[in-house]
Amino acid sequence: MTVSIQLEVNGKPVQAAVEPRRLLVHFLREDLGLTGANIGCETSLCGACTVLVDGNAVKSCTMLAAQADGASVTTIEGLAQNGELHPLQEGFWEKHGLQCGYCTPGMILSANYLLAQNPSPNDEEIREGLKGNICRCTGYHNIVEAVKYAAERMS
Amino acid sequence: MAGVLGTSIKRREDPALITGRGKYTDDLKVEGMAHAAIVRSPYAHARIRGIDASAAEALPGVLAVLTARDVAAAGIPGVVPVGWLLPDLKQPAHPMIAADTVRHVGDAVAVVVAEDRYVARDAADRVAVDYEPLDAVADVVAALEDGAPAVHEEAPGNVAFDWEIGDREAVDAAFAQAAHTVELDLRNNRLIPHAIEPRAVLASYDSSTGEMTIHMTSQNPHVHRLLMTLASLGMPEHKVRIVAPEVGGGFGSKIHHYADEAIVGLCSMKLDRPVKWTATRTETNLTDAHGRDHSSHCELALDADGRIAALRVDTKAAMGAYLSTFAPAVPTYLYGTLMSGQYDIPAIHCHVTGVFTHTAPVDAYRGAGRPEATYVVERLMHLAGEATGLGPVEVRRRNFVPPDAFPYQTQVALAYDSGNYGPAMDRALEMIGYDDLRSEQASRRGNGAGRRQIGIGFSSYIEACGLAPSAVVGSLGAQAGQWESADVRVHPTASVTVYTGSSSHGQGHETTFSQIVADKLGIDPDAVEVIHGDTDLVQFGMGTYGSRSAAVGGSAIVRSVEKIIEKGKKIAAHLLEASAEDLEYEDGSFRVAGSPDRALALGDVALQAYLAHNYPDDLEPGLSATSFYDPANFTYPFGTHVCVVEVDTETGSIELLRYAAVDDVGNVINPMIVDGQLHGGLAQGIGQALWENAVYDESGQLVSGSLMDYAVPKIHNLIPFELDRTTTPCPHNPLGVKGVGEAGAIASPAAVVNAVVDALAPFGIDHIDMPLTPEKVWRAVNS
């Protein structure tokens, strides 16, 4: 059995028939080939699979593809515009906010949501805002710097 | 290019990773790919009475269910070997798939292959395994008690090995005369590495060629190929290609050769089609080799002046259910040999018992033996500061190996090549504002031991990096030597490709190694490509772990560049009608000494090397060189870390206030990357001290098997780190570098625990085992 869904992914319309149990992250990764969202756990704790659904940061391993019917989804692949990196992407590069890069797409999209809510967060607000995303490489020090860099660029 | 070494060049790895274009193993998709799911034991110890796979096989989309019978029928070796040996090591077989007995929760008993990932998991749940549960033992101390359930018949008393280093009699004599002695019983908590990318493998066998390509999460593809072909699949080594694409962190966990990767290879061979398997977090936590898990009794003897007279350590080290790749080396060669720390200790004895338990195997995890050794030495030094009344700073200073004593031969095999420990301590004290902190502490204590106490903890660590000089580890009994290879090729247009045996998984080798070549050849780093992680492209290499890539892999690259310059001089001399001895190479040009206008750019020489029609008679064409660099010694990074905490004595909660680290990692190639490595190591070490704990219950169930129960540090748990460096170059490698990947994880557990214990000194507390949860702290305060 499948259900039909229509949604927008990175600004483009997508139509698909999916198994009702299919996770959004598997739909994005395996059906659409958008492998930027990564899977790091199955308990909604690591945040590597974070994407934006109608502007909200959502862990796509905890949402069914069927639930995204009618939604607008942005993945890391859709963040750069016209070949220009998003300020958060620049910030992570500039400030060495990533090492292995596995958590990075989710971290950047969570930070994107944070900055949409609070365009000039202080260090504590950044740490509070990103606590749903685990990075095992950086010790987070430079992730805070990367988000501050982006916030300044965007203001 | 001048100034390229020691510069924070942005990483060339990042554009792919920040845009989602980097391809990790699970991102790969090939035509005809099937999916595997592994059926695992829910028991820590059980006999398998039978397996009924019929319900799984009946599910549409299921291609095969394989068990130990299929491994036997395939006529392959079918085992998972141990790579490092010790004298008298018990080596019970570790079958790829358990045949009659399972020995830890997560042991593989069957594998299902299906057309679809979801169907594979559905089918795995339908494989009915009839188990007869047996008594199990998960605790390293309990496993040695009389009557403990045996993990392997071949290892009576669950002893895998009994190892010692140092001079027991000299230590006993020194203790008999000591003015002060301190002692400690401690547990070094078991950790789960938690690389954020779970292990994964995509094996593609093609019966028409007999070749198999395996993409997998690997820190060392050549080592994996060797162990996979030799011991597991029995394929000819040259018919197997292993590729490590983007690898999402490792921290040791992706060094080891595991059953699962071999099982997926067998599935691909049986089905003659590509098969992918990606671990869930739960699976990876049950099967990744864990770290640490020691129980130790440690004693330090000092004379009346507070000088160390002797150190005695007895450690029980868990091996888990099977010996993993490096496992026997970790609590021995990488632990006992580090017991001198930064100190001049005249007598040391360290005895280690390796212990089988019904748990996941224990093997190298960030620091691998050295954090455990540092924890022993630095906890004892804290107690020694108290016992002698000298305090933590003076007792360390008084015992540092003095700067004029290098090279310094320790009593535990290692010879420290260089060091200067005092300045790192001085700088750390200055950064942290030590005197002011002590005043603040005194004033809080003066107020009737108020609720919020602050504590200051030190850790002056040593590590041995650049694994591993063949001669040194060979003399200790290891059946392995660890050099590194580098093949450097200058193209006709003077751009360069480096093929290195070091395999990056987040460290930024491509950036760093390009800086090395750019510096030595005097060219732009962007003219240098770095290839790694593919056994078909790179000749044999040892991989990335043990903070070895810059010191060993980087040195191999320098050796190759030197050979290229030597050959280039001969070509240039021919073209310039000069003598090769008169040529110098500088800033990308070969010049005749004393005649600055007689020069040729690298590109002119490279082009001629490939055209070769105006060329020295005795020289082969081409401009490339291969080196195998076997280091003369380990490298010995060191430093002093200071942690400041506030402890709420009513709730037991701990707040990190400051963390200052002064590290000496030798010359620095890319400061940004070096600082990043330190940050990450600190987070893992602080995590061990405060939160992380792999807990098995008495029946051998892993009760902290998911991120719900295993507390990996999150961003709001941690604070900004304050870093600085001293620089004492390594004297025996051409870059003067030492290694930095593990320093943070090695130093920080002791610094944090010493800080908490310092805060709680008014309560008479001198030790709490990690992790220092609020409950443990509260109980200590209230006992």
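Just so it is clear, the model here is predicted, and its values are computed rather than measured.

Caption draft 1: Geometry of the overall build of chain A. A tally of helices and strands in chain A yields five helices and five strands. For chain A, the sequential pattern of α-helices and β-strands runs β-β-α-β-β-β-α-α-α-α. Dimensions of chain A, computed from the C-alpha atoms along their principal axes, are close to 50 × 30 × 25 Å.

Caption draft 2: The overall build of chain B, seen in detail. Looking only at helices and strands, one finds 19 helices and 28 strands in chain B. Rg of the C-alpha trace for chain B: 27 Å, near the compact-globule value of 28 Å for 783 residues, within the 12% margin. Expressed as lengths along the three principal axes of its C-alpha atoms, the size of chain B is roughly 85 × 75 × 50 Å. Going through the 783 residues of chain B one by one, you find that 60% of them count as buried.

Caption draft 3: Fine view of the interface of chain A and chain B. Across the boundary between the two partners, chain A contributes 42 residues, which contact 43 residues of chain B. A per-element tally of the side of chain A that touches chain B places helix H2 (residues 87–94) of chain A first, with four residues. Across the side of chain A that touches chain B, the residue classes break down as 20 nonpolar, 15 polar and seven charged.

Caption draft 4: Examining the sheet that holds strand E18 (residues 452–462) of chain B more closely. Residues and elements named next belong to chain B. Spatially, four strands are ordered E18-E26-E27-E28 in an open sheet, and the strand pairing comes out mixed. Of all strands in the sheet, those with a lone pairing partner are E18 and strand E28 (722–725), marking the two edges. Across this sheet, the average inter-strand angle for adjacent strands is 15 degrees, counted without regard to direction. By the bridge criterion, 10 bridges tie strand E26 (residues 638–648) to strand E27 (residues 654–664) in an arrangement that is antiparallel. Residue pairing across strands places Val 642 opposite Ala 660, the latter belonging to E27. Contacts from helix H12 (residues 434–446) reach E18 and E26, with the element oriented near 145 degrees to E18.

Caption draft 5: Geometry of the nonpolar core. If you look at the biggest cluster of nonpolar residues, it comprises 316 residues, and the most contacted ones within it are Ala 36, Val 111, Val 112, Ile 263, Val 517 and Val 756 of chain B. The residues contacting Val 111 of chain B, other than those within four sequence positions of it, are Ala 36, Ile 38, Val 39, Leu 66, Ile 263 and Cys 267 of chain B.

Caption draft 6: Looking closely at the environment of Arg 49 of chain B. All names here are of chain B. Summarising the element assignment, Arg 49 is placed in strand E2 (residues 46–52). Classification of Arg 49 by C-beta neighbours within 10 Å gives exposed; the count is 10. Considering only alpha carbons, one finds Arg 49 and Glu 430, 381 residues apart in sequence, at a separation of 66 Å. For Arg 49, the contacting residues outside a window of four places in its chain are Asp 130, Tyr 131 and Glu 132.

Caption draft 7: Representation of the pairing of strand E23 (residues 589–592) of chain B. Residues and elements named next belong to chain B. Sheet topology places strand E22 (residues 583–586) next to E23; four bridges connect them, and they run antiparallel. Note that in E23 the partner of Glu 586 across the bridge is Ser 589. Counting the residues that bridge the hairpin from E22 to E23 gives two residues, and of these Asp 587 lies at a positive phi of roughly 50 degrees. Across four bridges, E23 lies against strand E24 (residues 595–601) in antiparallel orientation.

Caption draft 8: How the structure looks around the environment of Asn 670 of chain B. All names here are of chain B. Looking at the secondary structure, you find Asn 670 in the loop between E27 and helix H17 (671–690). According to the C-beta neighbour criterion, Asn 670 is buried, with 25 such atoms within 10 Å. Along the backbone, Asn 670 and Asp 404 are 266 residues apart, and their C-alpha atoms lie at a distance of 29 Å.

Caption draft 9: Geometry of unusual backbone geometry. All names here are of chain B. With an omega of -10 degrees, the peptide bond between Leu 467 and Ala 468 qualifies as cis. With omega at -10 degrees, the peptide bond leading from Met 770 into Pro 771 counts as cis. On the secondary structure map, Pro 771 appears in the loop between helix H18 (743–759) and helix H19 (774–781). Positive phi values are uncommon outside glycine, yet Ala 494 reaches one of about 75 degrees. Note that Ala 494 resides in the loop between strand E19 (484–490) and strand E20 (496–500).

Caption draft 10: Local environment of the sheet that holds strand E8 (residues 180–188) of chain B. All names here are of chain B. Overall, mixed pairing links the five strands, which are arranged E7-E15-E14-E13-E8 in an open sheet. The two strands at the open ends of the sheet, each matched to only one other strand, are strand E7 (159–166) and E8. In this sheet, neighbouring strand axes are inclined to one another by 10 degrees on average, regardless of whether the strands run parallel or antiparallel. Pairing of E7 with strand E15 (residues 348–356) involves seven bridges; the strand directions are antiparallel. Paired with Phe 161 across the bridge in E15 is Gly 354.

Caption draft 11: Highlighting helix H14 (residues 509–521) of chain B. Residue and element names in this part refer to chain B. Across its 13 residues, H14 extends 18 Å between first and last C-alpha, which sits within 8% of the 18 Å expected from 1.5 Å per residue. Along H14, 12 of the 13 residues are buried, which leaves the element largely enclosed by surrounding structure. Here H14 has its buried residues at His 509, Thr 511, Thr 512, Phe 513, Ser 514, Gln 515, Ile 516, Val 517, Ala 518, Asp 519, Lys 520 and Leu 521. Looking one or two places after H14, you find Gly 522, whose phi comes out positive at around 65 degrees.

Caption draft 12: Structural context of the confidence of the model for chain B. Counting all residues, the mean pLDDT for chain B is 96, and 99% of those residues have values of 70 or more. For this predicted complex, the interface confidence comes out at an ipTM of 0.99, alongside a pTM of 0.98.

Caption draft 13: Seen up close, the packing of helix H9 (residues 370–388) of chain B against H18 of chain B. Residues and elements named next belong to chain B. Closest axis-to-axis distance for the H9/H18 pair is 8 Å, and the angle between their directions is 30 degrees. In terms of orientation, H9 and H18 fall into the roughly parallel class. When the axes of H9 and H18 are compared, the crossing they make is right-handed. Facing H9, whose interface residues are Arg 370, Pro 371, Thr 374, Tyr 375, Glu 378, Arg 379 and His 382, H18 presents Ala 745, Ile 746, Ala 747, Pro 749, Ala 750, Val 753, Asn 754 and Val 757. Grouping the amino acids of the contact of H9 with H18 by side-chain chemistry returns nine nonpolar, three polar and three charged.

Caption draft 14: Local environment of the packing of H17 of chain B against H18 of chain B. All names here are of chain B. Where H17 meets H18, the closest approach of the two axes is 7 Å, and the angle between their N-to-C directions is 40 degrees. Considered as vectors, H17 and H18 are oriented oblique to each other. H18 is crossed by H17, and the crossing has right-handed handedness. Every residue of H18 that contacts H17 at Leu 678, His 679, Gly 680, Gly 681, Leu 682, Gln 684, Gly 685, Ile 686, Gln 688, Ala 689 and Leu 690 is listed here: Ala 743, Gly 744, Ala 745, Ala 747, Ser 748, Pro 749, Val 752 and Val 753.

Caption draft 15: The arrangement of the environment of Val 159 of chain B in detail. All names here are of chain B. Mapped onto the secondary structure, Val 159 falls in strand E7. Separated by 194 residues in sequence, Val 159 and Thr 353 have C-alpha atoms that sit 6.8 Å apart. Setting aside its immediate chain neighbours within four residues, Val 159 contacts Thr 353 and Val 355.

Caption draft 16: Up close: H18 of chain B. End to end, H18 of chain B covers 25 Å across 17 residues, agreeing with the expected 24 Å (1.5 Å per residue, within 8%). Here H18 of chain B lies mainly inside the structure; 17 of its 17 residues are buried.

About the thresholds
- Residues numbered from 1 in each chain as written.
- Chains lettered and ligands numbered in written order.
- Predicted model: local features only at pLDDT ≥ 70, side-chain atom pairs only at ≥ 80, totals over all residues.
- Helix = DSSP H or I, 4+ residues; strand = E, 2+ residues; numbered from the N terminus.
- Rg over C-alpha atoms; globule rule 2.2 N^0.38 Å.
- Buried ≥ 20, exposed ≤ 12 C-beta atoms within 10 Å, placed from the backbone.
- Contact = placed C-beta atoms within 7 Å.
- Nonpolar A, V, L, I, M, F, W, Y, C, P; charged D, E, K, R; others polar.
- Pairing = 2+ DSSP bridges.
- Axes fitted to C-alpha atoms, helices over the stretch in contact; angles between N-to-C directions.
- Core = buried A, V, L, I, M, F, W, Y, C linked by C-beta atoms within 7 Å.
- Expected span 1.5 Å × (residues − 1).
- pLDDT = per-residue confidence, 0-100.
- Parallel < 35°, antiparallel > 145°, perpendicular 65-115°, else oblique.
- Left-handed = near helix turned anticlockwise from the far one by under 90°.

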